[in-house]
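Listed below are the residues making up each chain.
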Amino acid sequence: MTSPLDLFVSWLAPDAPPGAYNDWQLVATSTLPQWVQVTLLVLVGLALVGTFFGLSRVPRRTRVLLFTLRVALAAWLFALMLQPAVELRAVSRVRTRVALMVDASRSMGLSSQDGTRSEAVASHLASSQAVLSQLAERAVVEPMTFGERTHPVEALPSPLPTADARTDILRSLSEVSWQSSGRELGAVILYSDGADTEGLSLEEARRRAAKLGVPIYAVGFDDKDGSPDLSIQRIVADDFAFVYNTVTLQAEVRSFGLGLSEVMVTLKRDGTVMQSKPVSLVDGRGRVSFEFKPTQIGKQVYEVSVPVQAGEVVDGNNNKSLVLKVIRDRIRVLQVAGRPSWDVRYLRELLKRNPNVDLISFFILRSTTDLQKAPAEELALIPFPVNELFTTELPSFDVVIYQNFSYRPYRMARYLRNVRDYVLKDAKSFLMVGGNFAFEDGWYAGTEIADILPVRLGGAMPFDMADFKPRLTREGRRHPITRIGEAGEPPQAVYRRLPPLAGFNSSVGLAPNSQALLTHPSLPGNPPVVALREFDKGGRTMSVATDSMWFWRFPAVGQGGAGREFDRFWNNTLRWLIRDPALARVRLRVDRSVVLMGDPVGAEIQVLGPDYQGLDAADVEAQLVPVDRSKTGSARSVELVTNPEGKAVLLFEDVPPGAYQIKVRARKSKERIGTAREPIIVEAADVELAAPAPRPDVLKALAESSGGAYIDIGEALPDIDFKDARRVEVDRTRRIPVWNGPLAFLGLLVFAGAEWWLRRRADLL
Amino acid sequence: MSIPVPLSRRQLLVRGAGLIAGSPLMVAGAGPSDLRIGHLQTEGTWNPRPTALRRLLWEITQRTSIEVDLEPVPVRPTDAKLFRYPLLYWGGAGALPKLSEDAVRALRRHLTYGGTLLIDSSDADPGGVYDVSVRRALKRVLPRAPLEKVPSDHVMYKSFYLVDHQAGRTLRVPHLEGIKVDDRYAVIYCQNDLAGAWARDAFGRWEFEVTPGGERQREMAFRLGINLVMYALCLDYKDDLVHTPFILKRRR
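Values in this document were obtained by computation on a predicted structure and should not be read as measured data.

**Some words on the overall build of chain A**
Assigned secondary structure in chain A consists of 19 helices and 37 strands. The 765 residues of chain A split such that 40% are buried. Counting only contacts in chain A whose residues sit at least 6 apart along the sequence, the fraction spanning at least 24 positions is 75%.

What follows is the structure, given as structure tokens:
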């Protein structure tokens with residue numbers, strides 16, 4: 001039966017074969033510029049206005065008829081000017097696409113009731129072939145795998161991959177909605193366990209699913225579907241903490257499929273157990289808080305762990321670590337002086353002036369050999385709190401200064417071990433300043449303090465009262481402590497112009513791993529005046545073998561100076577003792593403090609010369625040392641050489657999970673330049689396996705909010721309902737002009753003739 | 001802090017040598033950081049109590065752990081060695097001739113960069129010629145900083161002894177005065193003739209009567225003198241928090 005459209009087409013284009021066109025539309029074919037068309041339209045409008053006012057005296061009925069005819073004539077003329085044509089079109093409708101998304105993340109490789117989750121998906125797809133084939137007749141089915149993002153494929157591979165390191169369902173859905181092959185998205189079939197790794201909430205899932213505008217048919221797993229697991233979900237703590245201030249570290253524990261009601265959670269620092277707490281689990285979830293006070297500056301590795309349970313599908317998520325950067329609020333300095341003196345006073349004054357220093361001073365103001373001419377209540381003296389200072393309070397100090405101080409009168413022998421451990425184990429700093437109560441005269445030879453001093457005691461010459469100008473050593477010329485001159489002043493020159501020092505504590509020589517910066521110029525062997533020592537764990541000690549450093553402060557002013565050299569010397573000393581990073585010549589910067597298993601452990605090392613410029617061709621020995629050697633094997637070493645910028649890149653591949661210290665040691669020729677260290681964590685579990693339990697609630701939220709349906713993996717795939725596409729494709733067109741035919745002329749004639757007749761009849765001509 | 005300090009071998013030898021030399025005053029060594037008081041030598045009567053400082057230093061070495069050189073060193077403001085003596089004592093009586101410009105500059109530099117000047121009026125005559133000339137001199141040395149009354153709760157009254165009233169040969173003025181430089185008193189001015197209470201002749205007799213308080217007042221003069229020296233050496237040490245509860249308890 002011939003349709004009206006076919007009749008219309010055959011009338012306009014008699015030569016066209018039947019069925020050649022199935023659509024038509026009216027189009028304008030005028031080539032006049034748009035501004036000309038607009039101008040003509042305006043002019044026609046003005047003419048009509050003039051006509052309207054020109055008919056004001058005509059009877060109303062005639063006026064309306066005349067004006068209507070004039071408007072029709074003007075419209076007809078304007079339409080002809082646009083050169084209208086009928087466009088005959090042959091069009092076809094584009095088929096809707098349906099995205100078939102299959103989760104290919106690592107969690108899909110975990111066991112379910114029927115093999116792995118991905119095997120269950122493959123089985124479900126196989127059993128749904130009839131539905132999918134039927135679907136393919138109405139729509140184009142676009143298969144793809146997804147994880148962090150989508151991966152379109154020609155056909156789903158067999159076996160299904162399970163390699164993606166993350167699952168980002170929303171991002172993947174968003175990509176699907178934007179991917180266009182000229183077809184409209186009609187529906188999404190989503191195979192997933194719902195274990196999103198990006199913290200997808202149910203509210204967000206509902207909101208985004210509704211916005212997608214197409215139904216999502218989500219096929220998922222029951223949350224009781226095997227996969228028993230106990231995990232530390234996350235650790236919450238600030239990025240940094242202040243030393244000796246309470247830090248709160250919270251951990252979230254999740255148990256799944258194990259039926260646990262309580263579990264013991266353990267906190268470790270650098271592999272050492274700090275605290276353990278039982279945590280009650282409600283609906284498989286629990287939260288625990290640990291409070292502690294870090295006692296050391298720097299980056300430290302904290303690990304929270306729960307014991308591995310029998311039958312767990314993943315045991316790598318039973319612990320989680322973080323690197324906590326512990327910083328100092330202020331530099332805590334303990335200054336213990338054997339008696340008041342000018343050297344003590346000017347050092348105290350300098351330290352007190354420094355806003356970054358929290359100074360605790362103890363000066364011995366009176367000994368019992370002194371006369372006691374007043375009762376205690378008339379004296380402002382307090383007991384020397386030896387026990388408190390050198391036991392409980394000692395670790396809270398960053399630097400301890402013994403200034404012309406002897407331990408013996410205060411029965412302190414048993415505390416000297418604490419001071420040694422404070423340096424060796426706690427990696428803190430100790431400074432001994434001279435005077436006749438210091439070094440040998442303080443009876444320190446043979447004590448634990450002698451073990452850590454940079455100078456050797458025992459048999460040294462007596463305290464020498466003569467004046468001397470200290471001599472700068474080769475190391476001293478380069479060291480930041482002894483760079484105290486004015487800008488551009490040669491290092492040696494400043495020591496020549498400063499007043500001579502007086503009073504010297506001699507020593508037998510340097511201790512191992514020590515260096516002298518200033519030496520006595522004339523005594524036999526040139527014993528050190530200023531010497532330094534560093535220990536493996538980072539502790540530092542320094543000796544200043546005179547109590548006349550104040551000569552650089554006050555007598556130097558008498559020579560026309562301002563005492564700035566004294567200030568610089570002690571400020572530099574303090575910065576070195578607290579290991580100010582700005583003074584380090586070996587710097588280590590790790591790419592990331594927490595690395596996922598499988599990723600390389602990388603760091604950049606920079607070695608600086610004495611002038612603090614990059615040092616070329618320095619030898620660097622780098623080690624990756626496990627914090628807990630029993631768990632993660634032995635240390636690895638690598639030798640590097642710095643480039644002209646003093647830099648070298650460090651890379652360790654295939655590092656087993658665990659906490660490590662990267663230690664680097666730099667040398668140039670035979671000079672030991674320095675060391676640096678940084679902690680690093682290689683996480684045993686990737687984020688994909690951190691919370692591997694199925695999340696049917698997420699999939700249900702997506703399905704229900706989008707108008708789709710949630711299907712358990714054990715159920716059959718229903719018919720997929722979607723709207724047919726509105727989009728069409730135009731195969732060919734043909735334009736038939738309608739403005740240059742007799743019909744167009746006839747129209748003009750009718751409107752103009754009718755107006756002429758009417759005007760004549762109304763005696764308006 | 002009051003704990004016995006045993007002598008080292010070396011100290012024992014030094015002190016032994018001092019005893020052999022026949023003068024117990026020689027036992028103290030003069031190390032580079034030991035206390036030496038510079039006795040400011042100016043025109044006019046600059047040393048009306050010649051034995052006083054030595055006696056004060058002797059008391060300091062007997063009562064405190066401070067190591068001293070018992071002989072105060074006369075030093076002129078323009079001497080190159082002025083800056084070897086962070087603590088200067090300036091006694092006097094009668095009219096004080098005008099200081100030279102060089103002396104003024106040197107003293108200003110000394111006090112500004114961390115020195116301390118203890119001024120003691122032997123006249124003990126507020127408004128008298130010495131007082132007037134000292135104030136005139138100080139206006140030239142530190143023109144921007146006025147003399148002010150030292151508060152009674154200042155740390156110099158608790159730097160060693162707990163001192164709650166003035167002392168000296170007389171009690172003409174019930175407070176000390178001082179000039180502050182950078183939150184510390186760089187100048188301390190006493191008008192009660194402290195040195196008059198300290199002075200003792202070679203036969204061990206006190207040179208001046210102390211009125212109205214007698215020997216207790218003399219003892220207090222020594223205590224105040226020791227506190228002022230301790231203040232020069234320790235500054236605000238006794239204002240540290242660790243001392244506060246002890247001191248408050250004893251002052252109740």
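**Description of the overall build of chain B**
Along chain B, the regular secondary structure elements total 7 helices and 7 strands. Secondary structure elements of chain B, listed N to C terminal, follow the sequence α-β-α-β-β-α-β-α-β-β-β-α-α-α. In chain B, which comprises 252 residues, the share counted as buried stands at 48%. A separation of at least 24 residues holds for 77% of the contacts in chain B among residues at least 6 apart in sequence.

**Focus: the pairing of strand β16 (residues 331-337) of chain A**
All names here are of chain A. Most of β16 is tucked away, with 7 of its 7 residues classed as buried. On β16, burial covers both faces: I331, V333, Q335 and A337 on one face and R332, L334 and V336 on the other are all buried. Pairing geometry for β16 and strand β17 (residues 357-363), over 7 bridges, is parallel. Within β17, the position partnered with V333 by the bridge is L359.

**Examining helix α8 (residues 342-353) of chain A**
All names here are of chain A. The end-to-end C-alpha distance of α8 is 16 Å, a good match for the 16 Å that 12 residues give at a rise of 1.5 Å each. Burial of α8 is extensive: 9 of the 12 residues sit out of reach of the surface. For α8, the complete set of buried residues consists of W342, D343, V344, R345, Y346, L347, R348, L350 and L351.

**Considerations on the confidence of the model for chain B**
Residue and element names in this part refer to chain B. Chain-level statistics for chain B give a pLDDT mean of 87 and a share of 87% at 70 or above. Low pLDDT, under 50, characterises residues 1-29; the stretch is placed with 51 contacts to residues that sit more than four places away or in other chains. Scoring the predicted complex yields pTM 0.63 and, for the interface, ipTM 0.89.

**A short note on the sheet that holds strand β6 (residues 177-181) of chain B**
All names here are of chain B. Here we have 7 strands laid out as an open sheet, ordered β2-β1-β3-β4-β7-β6-β5, and mixed in their pairing. Two strands lie at the open edges of the sheet, namely β2 (73-75) and β5 (148-149), each paired on one side alone. Where strand β4 (residues 116-121) and strand β7 (residues 184-190) come together, 4 bridges link them in parallel fashion. Looking across to β7, one finds that L117 is bridged to V187.

**Quick word on the nonpolar core**
Counting residues in hydrophobic clusters, the biggest one holds 150 residues, and the most contacted among them are V399(A), I401(A), V187(B), I188(B) and W198(B). A per-element tally of this core places helix α6 (residues 214-234) of chain B first, with 12 residues.

**Quick look at the sheet that holds strand β37 (residues 728-737) of chain A**
Strands pair in a sheet through their backbones, by hydrogen bonds, and they do so in one of two ways: parallel or antiparallel. Residue and element names in this part refer to chain A. The strand order across the open sheet formed by 3 strands is β1-β2-β37, and the pairing between neighbours is antiparallel. Bordering the open sheet on either side are β1 (23-28) and β37, each of which pairs with just one other strand. Averaged over all pairs of adjacent strands, the angle between strand axes in this sheet comes to 30°, irrespective of strand direction. Here strand β2 (residues 84-93) runs beside β37; their pairing, made up of 9 bridges, is antiparallel. For E87, the partnering residue across the bridge sits in β37 and is R735.

**Notes on the packing of helix α2 (residues 34-54) of chain A against helix α3 (residues 60-81) of chain A**
All names here are of chain A. Where α2 contacts α3, the axes come no closer than 10 Å and their chain directions differ by 170°. With respect to α3, the element α2 is oriented roughly antiparallel. Between α2 and α3, the residues in contact are L40, L41, V44, A47, L48, T51 and F52 and F67, R70, V71, A74, F78 and M81, respectively. Grouping the amino acids of the contact of α2 with α3 by side-chain chemistry returns 11 nonpolar, 1 polar and 1 charged.

**Some points on the interface of chain B and chain A**
Across the boundary between the two partners, chain B contributes 44 residues, which contact 49 residues of chain A. If you list the elements that add at least two residues to the side of chain B that touches chain A, you get α1 (9-20), α2 (52-63), α6 and α7 (244-251) of chain B. When the residues that make up the side of chain B that touches chain A are grouped by side-chain class, the tally is 23 nonpolar, 11 polar and 10 charged.

**Observations regarding the environment of V620(A)**
Residue and element names in this part refer to chain A. You can see V620 is positioned in strand β31 (residues 619-626). Remark: the alpha-carbon pair of V620 and A648, spanning 28 residues in sequence, is separated by 8.3 Å. With sequence-adjacent residues up to four places away left out, V620 is seen in contact with I605, V607, L640, V641, T642, A648, V664 and A666.

**Some details on helix α18 (residues 696-706) of chain A**
Residues P696(A), V698(A), L699(A), A701(A), L702(A), A703(A) and S706(A) constitute the buried set of α18(A). Residues of α18(A) that are buried sit in contact with α7 (202-212), β7 (216-220) and β36 (709-712) of chain A.

**Comments concerning the environment of D34(B)**
Mapping D34(B) onto the fold places it in the loop between α1 and β1 (38-40). Taking the C-alpha atoms as reference points, D34(B) and I66(B), 32 residues apart in sequence, are found 7.3 Å from one another.

**Some remarks on unusual backbone geometry**
Omega for the bond connecting S158(A) with P159(A) falls within 30 degrees of zero, at 0°, which places this linkage in the cis form. Along the chain, P159(A) turns up in the loop between β5 (150-152) and α6 (169-178). Even without a glycine there, the phi angle at N526(A) is positive, about 45°. Position of N526(A) among the secondary structure elements: in the loop between β25 (514-519) and β26 (528-534). Non-glycine residue D183(B) carries a positive phi angle of around 70°. By the element assignment, D183(B) lies in the loop between β6 and β7.

Rules of the game
Residues numbered from 1 in each chain as written. Chains lettered and ligands numbered in written order. Predicted model: local features only at pLDDT ≥ 70, side-chain atom pairs only at ≥ 80, totals over all residues. Helix = DSSP H or I, 4+ residues; strand = E, 2+ residues; numbered from the N terminus. Buried ≥ 20, exposed ≤ 12 C-beta atoms within 10 Å, placed from the backbone. Contact = placed C-beta atoms within 7 Å. Pairing = 2+ DSSP bridges. Expected span 1.5 Å × (residues − 1). pLDDT = per-residue confidence, 0-100. Core = buried A, V, L, I, M, F, W, Y, C linked by C-beta atoms within 7 Å. Axes fitted to C-alpha atoms, helices over the stretch in contact; angles between N-to-C directions. Parallel < 35°, antiparallel > 145°, perpendicular 65-115°, else oblique. Nonpolar A, V, L, I, M, F, W, Y, C, P; charged D, E, K, R; others polar.

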